[in-house]
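# Per-entry structural report
Each chain, written out:
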Amino acid sequence: MAVTLEQAQRVGYTCLKALLRFAFMVANNLVAIPSYVLYLIVLQPLRILDSKSFWYIEGVLFKWLLAMVASWGWWAGYTVVEWGDDVKAVSEDEAMVLVNHQATGDVCTLMMCLQDKGTVVRQMMWLMDHIFKYTNFGIVSLIHGDFFIRQGRTHRDQQLVLLKDHLEKYYRSRNRKWIVLFPEGGFLRKRRETSQAFAKKNNLPFLKHVTLPRLGATQVILKTLVAPQENGAPSGGDAVRKESKSKGLQWVIDTTIAYPKAEPIDIQTWILGYRQPTVTHVHYRIFPVKDVPAEPEALTNWLYQRFIEKEDLLTHFYETGAFPPPQGQTKAISREMTLSNLWLVAIQSFAFLSGGMWYCFFQYLYHCLF
């Protein structure tokens, strides 16, 4: 079939836009990430004298870095509409965020939609696949104190021990509030077939839009971060006992990400912007941690039930274009998440000015020494 002039122009425009966006992203990373690292190196004396202030500043810089990633999608027309519970109400409390995982764009979506949730972004900890350690953002996550987990049965027990040690060492000492994890342990497209085979073997529901979650990391987080309860609920680990001021983990936020037509956005699309403007939908449900069982079998059933409910939510969304209303209500209310373009421009300007400042500094230093 012959290509019309209009189609050729459209393809040319899309390619040019993608190329320019990629060049901007590379430049953005080259100035922002080294600046983040260098600022924190300079501030190391403050870390010794006043650790709380140091990690406050680090958190602000970390939030700005995530805002830069959010801006790449925002300016491409990739926006977010939120449903369900209002998580701003618990933004100052400790919470574990459970998210379904479809593609690399899930992380970018969270980076965007949590920007307006108070101090959450600068005080959150991420659990992510160890491969992310070797990406451009790996050094930032290492400094911030995120945890990189290796998947696979051979690594499982060791990784859970390392996770417990990591939480006890860094979670409270760096004043973290929310911890984000993807309990499915991988992308939907990679795990669906295995999960369905496991479900069939164990007489569990057949799921298409999510996979059955894994228990390990969730159980370790609850055991380590939930404060002791007088009513016999789970007792916290050393991380709680060392920090008596903390109330411990108080909430579990069940987060469901849905893409139109079940077509997820990946990181390449987020960066290059070649997909048409897209609205991603994010649904929240908040559960008090005291209602989450501690025993492994009961916790497994509780976690499975959350993902079975996610399956129902996503099935309804893909059929109707909206999430169902909460139980007892007749209408679901959505909220459009917004970002300030002025704020995003200010952050980007700060990044490029910082990059220029450090470049001039090292040029001056080089000439002084040589």
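All values reported here derive from a predicted model rather than from experimental measurement.

Counting buried positions over the 8 residues of strand E6 (residues 251-258) gives 7, a clear majority of the element. Note that E6 and strand E7 (residues 278-288) share 8 bridges and pair antiparallel. Bridging across to E7, Ala-258 finds its partner in His-281.

Turning our attention to the UniProt feature "transmembrane region" (unreviewed entry) in the chain. Residues annotated by UniProt as "transmembrane region" (unreviewed entry) correspond here to residues 20-42, 54-75, 131-149 and 342-366. The span residues 20-42 carries 100% helix and 0% strand; its end-to-end C-alpha distance comes to 33 Å. Between the C-alpha atoms that bound residues 131-149 there is a distance of 9 Å. The span itself is 37% helix and 16% strand.

The next point concerns the nonpolar core. With 60 residues, the main nonpolar core has Trp-126, Trp-178 and Ile-253 as its most contacted residues. With 12 residues, helix H3 (residues 51-74) is the largest single contributor of residues to this core.

Right, let's get into the packing of aromatic side chains. Under the defined criterion, the tally for this structure stands at 14 aromatic pairs. Note on Tyr-78 and Trp-270: the rings are 6.1 Å apart at their centroids and 40° apart in plane angle, and the pair reads as tilted. Note that Tyr-78 is positioned in strand E1 (residues 78-84) and Trp-270 in helix H10 (residues 267-272), a separation of 192 residues in sequence. The same class applies to Tyr-78 and to Trp-270, which are both buried. Pairing Phe-317 with Phe-323 gives two aromatic rings, centres 5.1 Å apart and planes at 35°, and the pair type is tilted. Here Phe-317 matches Phe-323 in class, with each residue buried. An aromatic cluster of at least three residues, connected via ring pairs, comprises Tyr-39, Trp-64, Phe-350, Trp-358, Phe-361 and Phe-362. The aromatic ring of Trp-302 is capped on one face by Arg-306, whose charged end is 4.7 Å from the ring centroid. Taking NZ or CZ as reference, Lys-310 lies 5.3 Å from the ring centre of Phe-307, over its face.

Calculation criteria
- What you see as residue numbers is a count from 1 along each chain, following the sequence as written.
- In keeping with the predicted nature of the model, local features appear solely for residues at pLDDT of at least 70, side-chain atom pairs appear and are counted solely at 80 or more, and the whole-chain, interface and lining totals rest on all residues.
- Heavy atoms throughout the structure, all of them, feed into the side-chain values; hydrogens and water do not.
- A 1.4 Å probe rolled over the protein chains alone gives each residue an accessible area, and that area as a share of the maximum for its type sets the label: buried under 20%, exposed over 50%, partly exposed in between.
- Comment: elements are numbered from the N terminus, with helices defined as DSSP H or I runs of at least four residues and strands as E runs of at least two.
- A pair of strands is labelled paired if DSSP reports no fewer than 2 bridges between them.
- UniProt positions are given in the numbering used here, feature names are shortened, and annotations may be inferred rather than shown by experiment.
- For the purposes of this section, nonpolar cores are sets of buried Ala, Val, Leu, Ile, Met, Phe, Trp, Tyr and Cys residues that join through side-chain atoms within 4.5 Å.
- Aromatic pairing here means that ring centres of Phe, Tyr or Trp (its six-membered ring) are within 6.5 Å. Orientation follows from the plane angle: under 30 degrees is stacked, over 60 is edge-to-face, and everything else is tilted.
- Ring-over charges, as used throughout, are those where CZ of Arg or NZ of Lys falls within 6 Å of the ring centre and within 35 degrees of the ring normal.

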